[in-house]
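Overview (structure and organization)
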Number of protein chains: 2
Amino acid sequence: MINERMYELGAEPNKIRELFAFGLARKAEIGAENVFDFSIGNPSVPAPAQVQEQFQKELAKDPVKAHEYTPSPGDAIVRQAIADHIRDAFGIPATPGNVYVTSGASSAIDITLAAITNPGDEVIAIAPYFPEYRTWSENAGCTLVEVPADAETFQPDIAAIEAAITPKTSAVIINSPNNPVGTVYTRASLEALADLLRRKEEELGTRIFLLSDEPYREIAYGMEIPYVPALYQDTIVCYSFSKSLSLPGERIGYIYVSDLIPDAARISTAVAGAGRALGYICAPVLLQRVVATCLDVEPDVTPYEENRRILTEGLAQLGYEYVEPDGAFYLWVRALEPDAVAFSERAKDFELLLVPSDSFGAQGWVRLSYCIPRNIIERSMPAFAALKAAYDD
Amino acid sequence: MINERMYELGAEPNKIRELFAFGLARKAEIGAENVFDFSIGNPSVPAPAQVQEQFQKELAKDPVKAHEYTPSPGDAIVRQAIADHIRDAFGIPATPGNVYVTSGASSAIDITLAAITNPGDEVIAIAPYFPEYRTWSENAGCTLVEVPADAETFQPDIAAIEAAITPKTSAVIINSPNNPVGTVYTRASLEALADLLRRKEEELGTRIFLLSDEPYREIAYGMEIPYVPALYQDTIVCYSFSKSLSLPGERIGYIYVSDLIPDAARISTAVAGAGRALGYICAPVLLQRVVATCLDVEPDVTPYEENRRILTEGLAQLGYEYVEPDGAFYLWVRALEPDAVAFSERAKDFELLLVPSDSFGAQGWVRLSYCIPRNIIERSMPAFAALKAAYDD
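The structure contained in this document is the topic of the report that follows. Predicted model, so just to flag it, every value in this text is computed and none were measured.

To continue, consider the sheet that holds strand 8 (residues 253-257) of chain A. Residues and elements named next belong to chain A. Reading across the sheet, the seven strands line up as 2-8-7-6-5-3-4 and stay open at both edges, with mixed pairing between neighbours. The sheet is open, and its two edges are formed by strand 2 (99-102) and strand 4 (143-148), each paired on a single side. Geometrically, the sheet is characterised by an average inter-axis angle of 20° between neighbouring strands, direction not taken into account. The strands touched by helix 5 (residues 76-90) within the sheet are strand 2 and strand 8, with strand 2 carrying the most contacts at an inclination of about 115°. Strands in contact with helix 7 (residues 132-139) are strand 3 (122-127), strand 4, strand 5 (169-174) and strand 6 (209-213); relative to strand 4, the strand with the most contacts, it is inclined by about 145°.

Printed below as a string of structure tokens:
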């Protein structure tokens, strides 16, 4: 009969998608300008001009070549371009053989976990975290172990991670700039984490990979974003162009197995095997070639920065508590009652669509995606005021 | 430590890819016109004009909308268009809720197997078969059971399939028009298979799905291609636009869970769960929308038909034995010695790149992909003559 585990996964309510769908229906009902939809992380900044031009260049080529199969790890020229970019931008050695082009960060993480873990292993995620980390860890037969971030700074809590590491720990997933909090992990935090993992590897005689999920690398507001492979040897980067080049629905990203790992080639072979097992023939060829020429394109984060300012200033004035974000385009706001799901429901009465923190493995907060038109943020302020007043009454 | 199963999969030699890579190197050495590369199934007919125009139309839209996330099962308009197309073209009920848009047939099959089987189940494939059926069955924890096709007709051998069915059989994969043989399954064959499966379902009290892998549906030379869901209730179609619209590297296809299945909605939910588990967020949005407007575009199979004629007439004249193909763009030719791998190696001396049948679960044959420029086929004839002469000496 059918697979019950898959049925349950398919039937599981997804709060982000539910709110997104509710928003679509509500907008049709009362007008898009009257719904304050902070639910989903779909970039509101269009793809840079260079990306749009490159689509035209690729499509002007011989159509047989333009849409052909590439080798599964990616077009040779594309892999070379990504390796060159990593080497030039971050000053570490990088070879095309350790770059595997993927259908976005989702497949990158799923493939990587299948490659570097074995059934029964444990994978650590720092809560709050992107909910699919659990799905993908479990797909590899692993258990996801949640370790709360530091309650004040939302940096990794090194002592808590140390307490969570067991002989079964095969990977720690980090995500900086962070979804959902917007935190950027400091160099000091990452160095402390690297020190801990090295120490535990030696102490336990095991290997612990650091999986660095980096879709928001270029969406940052001035903070340094250290390159993780330079700080910890057993690092695998899962990158996506979804946010930096505003191509979320096109599904294009890559896995980079650090060349500083002595057996990198062996790991890259396992990555290729996992990609095969999970049904990936190659990443979309048109997208592969478009992004390969746009690796140095800096996204225009000014609109997000403006949105961040307007939103945080407005909410501060109203007395909301939030975590000041240094990157990504999410704001983590304290719910006005302990039950974030109830708070999110009540916010809907004011046409405010806020994702409850329960989806991210945390209680008592909501996530606001501020990659939306600026005027929606401006026009949402009276609604936030009314929501606050409803609780103050 | 890393996952050895994935490492083995990544390290496993892939004869098609190896020959393809050898061909690339050899062409660089002696000129593309002097290598007779029959290794890979990359369509040589360009994408139809309507497809190329639709890319332009989609890219002319608001870029934020053009590249946005879609729901995981696909854009609502795209799913509706595909359901309408199935209903109109094949005269069976079809609803968008049972269409799940995928990154090609590869992900469609991998996702479907994960959704409809449980670890320990058996999946039957009719040999010779596409080699990844084994990989994807094993990814779902199943055993692939090979059942040879009828030795004369290459139609399904109903008695042999009956003998292979056990209480653990959860799916039978069929592929018509067939890769690698080019056979089209007749209505009589499919009806006999459907009768058998219904009888075994009743006898064993189990459920046996028919997974119909249909990338070559439109690549056929006059034979009727019956629509499998109309013949057997528990059918799931895995379709790809790779060959029909010449978009192999773009990765776009769909799963259609037959609406004639009483619990189709439940199966579609499991499909959605399996897609999630395997790391698919959505199929590439640009491609989703391009193909949705090109569902009625008929591919121009004339060049393939011409190639088929030239190749079969030429080889017949030289005394080669082959299976007359009714569809797809492959020719199944008897090797001139029992060891097809040795024969393929010897053919390389004559610049002929032919894939040995061992890759497809069969001995003593080679597969020739004739989706290549016509003049290469014409110019390969002296090489085939010399290869034959080498064996006749």
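This paragraph deals with the pattern of salt bridges. Using the criterion set out here, one finds 59 salt bridges over all chains in the structure. Close ionic contact of R187 of chain A with E224 of chain A constitutes a salt bridge, the shortest N to O distance being 2.6 Å. Of this pair, R187 of chain A sits in helix 9 (residues 187-204) while E224 of chain A sits in the loop between strand 6 and strand 7 (235-240); the two residues are 37 residues apart in sequence, bridging distant segments of the chain. R276 of chain A serves as the salt-bridge partner of E132 of chain B, at 2.7 Å between the closest nitrogen and oxygen. Taken together, the positions of E132 of chain B in helix 7 (residues 132-139) and R276 of chain A in helix 10 (residues 264-277) put the pair across two chains. An identical accessibility class is assigned to E132 of chain B and R276 of chain A; each is buried. Taken together, the shared-partner salt bridges in this structure form one network comprising E306, R309, E313, R374 and E378 of chain A.

So, on to the interface of chain B and chain A. On the chain A side, the residues contacting the 73 residues of chain B number 73 residues. Carbon and sulfur atoms make up 55% of the area that chain B and chain A hide from each other, which totals about 6,100 Å². R276 of chain A is the salt-bridge partner of E12 of chain B, the closest N and O atoms lying 3.1 Å from each other. Our enumeration of links across chain B and chain A arrives at 45 residue pairs in polar contact (both at pLDDT 80 or more). When contributions to the side of chain B that touches chain A are tallied by element, the ones reaching two or more residues are helix 1 (4-11), helix 3 (49-59), helix 4 (63-66), helix 6 (104-116), helix 7, helix 10 (264-277) and helix 11 (285-292) of chain B. Top contributing element to the side of chain B that touches chain A by residue count: helix 10 of chain B, with nine residues.

Take the packing of helix 3 (residues 49-59) of chain A against helix 11 (residues 285-292) of chain A next. All names here are of chain A. Where helix 3 contacts helix 11, the two axes come as close as 9 Å, and the packing angle between them is 125°. When the axis of helix 3 is compared with that of helix 11, the two are oblique. Crossing of helix 3 over helix 11 shows right-handed handedness. Across the interface between the two elements, V51, Q54, F55, E58 and L59 from helix 3 touch L286, L287, R289 and V290 from helix 11. Looking at the contact of helix 3 with helix 11 residue by residue, the classes come out as six nonpolar, one polar and two charged.

So, on to the relation of the copies chain B and chain A. With an axial shift of 0.0 Å and an RMSD of 0.0 Å, the rotation relating chain B to chain A amounts to 180°. The superposition operator between the copies reduces to a two-fold rotation axis. Within chain B, the C-alpha atom positioned nearest to the axis of rotation is that of L278 of chain B, 2.9 Å from it. Looking at the interface residues of chain B, 100% of them are also at the interface in chain A, so both copies use one shared face.

We now examine the state of the cysteines. Taken as a whole and assessed by the stated rule, the structure comprises zero disulfides over all chains. Of all cysteine sulfurs in the structure, the one in C238 of chain A sits closest to C142 of chain A, which takes part in no disulfide; the separation is 14 Å. Its relative accessible area of 5% is what places C142 of chain A among the buried residues. Cysteine C371 of chain B is unpaired, with the sulfur of C282 of chain A as its nearest cysteine sulfur at 15 Å.

Parameters and conventions
In this convention, every chain numbers its residues from 1, walking through the sequence in written order. Chain letters and ligand numbers both follow the written order, the letters beginning at A and the numbers at 1. It should be noted that, the model being predicted, local features are given only for residues of pLDDT at least 70 and side-chain atom pairs only at 80 or more, the latter also being counted only at that level, while totals for whole chains, interfaces and linings use all residues. To get the side-chain values, all heavy atoms of the structure are used, and hydrogens and water are removed first. Strand pairing is assigned whenever DSSP detects at least two bridges linking the two strands. Strands here are runs of E lasting at least two residues and helices are runs of H or I lasting at least four, both read from the DSSP assignment and numbered beginning at the N terminus. For helices, the axis comes from a line fit to the C-alpha atoms of the stretch in contact; other axes are also lines fit to C-alpha atoms, and the angle between any two N-to-C directions lies between 0 and 180 degrees. What makes two residues a contact is simply this: any of their non-hydrogen atoms within 4.5 Å. One speaks of a salt bridge when a side-chain nitrogen belonging to Lys or Arg is within 4 Å of a carboxyl oxygen belonging to Asp or Glu. Note on classification: 1.4 Å probe, protein chains only; a residue is buried when its accessible area is under 20% of the maximum for its type, exposed when over 50%, partly exposed between these limits. Buried area: the sum, over both parts, of the accessible surface (1.4 Å probe) that disappears when the two are put together. Polar contacts here mean pairs of N or O atoms no more than 3.5 Å apart (in protein, one a potential hydrogen donor and the other a potential acceptor; neighbouring residues in sequence count only if both atoms are side-chain atoms). Working rule for angles: under 35 degrees goes down as roughly parallel, over 145 as roughly antiparallel, 65 to 115 as roughly perpendicular, anything else as oblique. Crossings are sorted by hand: turned counterclockwise from the far helix by less than a right angle, the near helix makes the crossing left-handed, and turned clockwise it makes it right-handed. Classes in brief: Ala, Val, Leu, Ile, Met, Phe, Trp, Tyr, Cys and Pro nonpolar; Asp, Glu, Lys and Arg charged; the others, Gly included, polar. The copies were overlaid with a least-squares fit restricted to C-alpha atoms from residues scoring a pLDDT of at least 70 in each copy. Here, a disulfide means two cysteine sulfur atoms that sit within 2.5 Å of each other.

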